[in-house]
Amino acid sequence: MEGELNNFAMVWITVLASLYYCHTIAKLIPKGTIRFLTILPISILFIFLPLNLNTMHLGASSSFFIACLELILAMFAALARVLMQAELEPPFDEPYLATSLQDFWGKRWNLMVTNILKPTIFEPTRNVFTGLVGRKWAIFPSVFATFFVSGLMHELVFYTYGRQKTRWEVTCFFLIHGVSLGVEMGLKKLVNGKFRLPRTVSGPLAIIPNEVSCPYL
């Protein structure tokens, strides 16, 4: 147990040092490829850090907090809004009012993760495929890649909790929603604004797929 506690201490010392490093890099290097490449090793490091802990109560809790740092920041942001009456970006924007899958995933659900995946996965993938199929159609593989990476991230979190062989249900969940979103966006391009479902219909259509697919996770 003593060795596990030492590993636990080293994991969190590494996490804090890594966060300080990223904070410093953000001040010194402007947004762009160079900043991305300097921070990328930290992202990879955070994937493997929880695997150094073998006990459930230390490994699972560390995995959760490392993977969900944005949720912790969201809680502090909410507290700051109350105490300081400050207008900070909320982590969610009333997802139950979504009028489409695009509205739900892109503008309302877990905005902090959206803001992370957009510049790191969606935009680079779109830039690559723009040269291959044009900007109009490059959005489809970009959406699929983003949901695929999100699924892998969730699989990793669940694996570090139970340390059991994954059955890929979570990844399939996100891939289904990625394909569904792609179909929705394709239909929007086809009608080109000439037809729009009433909100009483589009709202439930945006929420029902989540309710139907969640029990299969």
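Small disclaimer: the values here were computed from a predicted structure and weren't measured.

The rules behind the values
- Residues numbered from 1 in each chain as written.
- Predicted model: local features only at pLDDT ≥ 70, side-chain atom pairs only at ≥ 80, totals over all residues.
- Heavy atoms only, no water.
- Helix = DSSP H or I, 4+ residues; strand = E, 2+ residues; numbered from the N terminus.
- Expected span 1.5 Å × (residues − 1).
- Bend = angle between axes of the 7 residues up to and from the residue.
- Buried < 20%, exposed > 50% of the residue type's maximum accessible area, 1.4 Å probe, protein only.
- 1 Å grid on protein atoms, 1.4 Å probe; cavity = no way out; pocket = protein on both sides within 12 Å on 5 of 7 lines; lining within 4 Å.
- Points joined across faces, edges and corners; volume = space filled by probe spheres on them.
- Nonpolar A, V, L, I, M, F, W, Y, C, P; charged D, E, K, R; others polar.
- UniProt positions renumbered as here; feature names shortened; annotations may be inferred.
- Core = buried A, V, L, I, M, F, W, Y, C linked by side-chain atoms within 4.5 Å.
- Axes fitted to C-alpha atoms, helices over the stretch in contact; angles between N-to-C directions.
- Contact = heavy atoms within 4.5 Å.

Okay, helix α6 (residues 111–133) next. Its 23 residues place the ends of α6 only 28 Å apart at the C-alpha level, less than the 33 Å of an ideal helix rising 1.5 Å per residue. Remark: the principal bend of α6, roughly 50°, maps to K118, with a proline, P119, within the next four residues. Taken residue by residue, α6 has L111, M112, V113, T114, L117, I121, F122, T125 and R126 as its buried positions. One or two steps after α6, the chain reaches G134, where phi turns positive at roughly 90°.

Glancing now at the layout of surface pockets. For the second largest pocket, the calculated volume is near 720 Å³. Taken together, 24 residues make up the lining of the second largest pocket; nearest its centre are T99, S100, E184, K188 and L197. Those elements that place two or more of their residues in the lining of the second largest pocket are α5 (101–108), α8 (169–191) and α9 (199–213). Of the residues forming the lining of the second largest pocket, the biggest block, 7 residues, is contributed by α8. Taken together, the residues that form the lining of the second largest pocket break down as 9 nonpolar, 9 polar and 6 charged.

Those places that UniProt annotates as "transmembrane region" (unreviewed entry) correspond, in this numbering, to residues 6–22, 34–51, 63–83 and 137–162. In residues 6–22, the share of helix is 100% and the share of strand is 0%. The end C-alpha atoms are 24 Å apart. Here residues 34–51 runs as 83% helix and 0% strand, with 28 Å between its end C-alpha atoms.

So, about the nonpolar core. Core analysis: the largest hydrophobic core is formed by 15 residues, its most contacted members being W105, I139, V143, F147, F174, L181 and M185. Of all the secondary-structure elements, those providing two or more residues to this core are α5, α7 (135–162) and α8. By residue number, the principal contributor to this core is α8, which donates 5 residues. Among the nonpolar cores identified, the runner-up in size contains 8 residues, and C22, I42, F46 and L49 belong to it.

Before going further, it helps to examine the environment of M153. Within the fold, M153 resides in helix α7. Distance from M153 to T171, taken between C-alpha atoms, is 8.7 Å for residues 18 residues apart in sequence.

What follows is about the packing of α5 against α8. The relative placement of two packed helices comes down to the angle between their axes together with the axis-to-axis distance. Following both chains from N to C, one finds α5 and α8 inclined at 115°, their axes separated by 9 Å at the closest point. Every residue of α8 that contacts α5 at L101, Q102 and W105 is listed here: F173, F174, H177, S180, L181, E184, M185 and K188. Of the residues belonging to the contact of α5 with α8, the class tally is 6 nonpolar, 3 polar and 2 charged.

What follows concerns unusual backbone geometry. Positive phi is not limited to glycine here, since E94 has a value of about 45°. Turning to its location among the elements, E94 is positioned in the loop between α4 (69–84) and α5. Given the relative accessible area of 38%, E94 is considered partly exposed. In this structure, N110 is a non-glycine residue whose phi angle is positive, near 45°. With respect to the helices and strands, N110 occurs in the loop between α5 and α6. With a relative accessible area of 16%, N110 lands in the buried category.

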